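Observations on the three-dimensional arrangement
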Amino acid sequence: MTSEHEAASDRVFDRLVALLDRNGATYEVIEHEPEGRTDVVSRLRGNALSQAAKCVVTRVKVTKKTSHYVLAVVPGDRRVDLGRIRELWEAKHVSFVEQETAERLSGSVSGSIVPFSFDPAALELVVDPALLEHPRMFFNAGELHLSLSLDTGDYVKAASPRVERIAEEAAA
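To keep things clear, this report deals only with the structure shown in the data block. (Residues numbered from 1 in each chain as written. Predicted model: local features only at pLDDT ≥ 70, side-chain atom pairs only at ≥ 80, totals over all residues. Heavy atoms only, no water.)

**Details of the pairing of strand 8 (residues 146-151)**
Among the 6 residues that make up strand 8, 5 are buried, leaving the element largely enclosed by the rest of the structure. Examined bridge by bridge, strand 1 (residues 27-31) and strand 8 share 5 bridges and lie antiparallel to one another. Paired with V29 across the two strands is L148, which belongs to strand 8. With 6 bridges connecting them, strand 7 (residues 136-143) and strand 8 associate as antiparallel partners. Residue N140 lies in a different strand from strand 8, and its bridge partner there is S147. Taking the residues between adjacent antiparallel strands as the criterion, strand 7 and strand 8 are bridged by 2 residues. (Buried < 20%, exposed > 50% of the residue type's maximum accessible area, 1.4 Å probe, protein only. Helix = DSSP H or I, 4+ residues; strand = E, 2+ residues; numbered from the N terminus. Pairing = 2+ DSSP bridges.)

See below:
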């Protein structure tokens, strides 16, 4: 019997592969030990941390009563700059969401959130351009034991992300 999270992540993986296939994307599925931490899974996959897509769901409060969610995607060796997101959306406040909300909006278990939004009205996608400088990018594919290596140009074509500088150097 599969848990609700496993069923959701299966759907995300299937939807993701179907989307990439429809767009003629070049990708490779990589199986590895279950892991959601970007630095550890990058070592398992053998990719540079700067090629890993770190995906973080944020809540953007535009006014006291109006907020929406943004999926911020940055290179694995950096962190999301909440102040920059606040500036871009001219928001009063930006914060990370709790795990339950991130999983509900992304359809994935925390640590396996994909850099795609299957419902842009509910979860807006923004990607830092530093991640797109590499020919290939790597990310967990909706499951903690599966990752994708994806041609970066094909990612941009399939995901149609908003591209903005939203990353800051990670603390040493």
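Additional details are given in the paragraphs that follow.
**Some details on the packing of aromatic side chains**
Here the structure, examined in full by the defined rule, presents 2 aromatic pairs. Between the aromatic rings of F116 and Y155, the centroid separation amounts to 5.1 Å while the plane-to-plane angle is 85°, which identifies the pairing as edge-to-face. Within this pair, whereas F116 is found in the loop between helix 4 (99-106) and strand 6 (123-127), its partner Y155 is found in helix 5 (residues 152-159), the two being separated by 39 residues in sequence. For the pair formed by F116 and Y155, the shared burial category is buried. Clustering of aromatic rings is evident, with ring pairs tying together F116, F139 and Y155. In this structure, R162 is placed above the aromatic ring of W89, and the distance from its NZ or CZ to the ring centre is 4.4 Å. (Phe/Tyr/Trp six-rings, centres within 6.5 Å; stacked < 30°, edge-to-face > 60°. Lys NZ or Arg CZ within 6 Å of the ring centre and 35° of its normal.)

The values reported here are purely geometric and, on their own, carry no functional implication.
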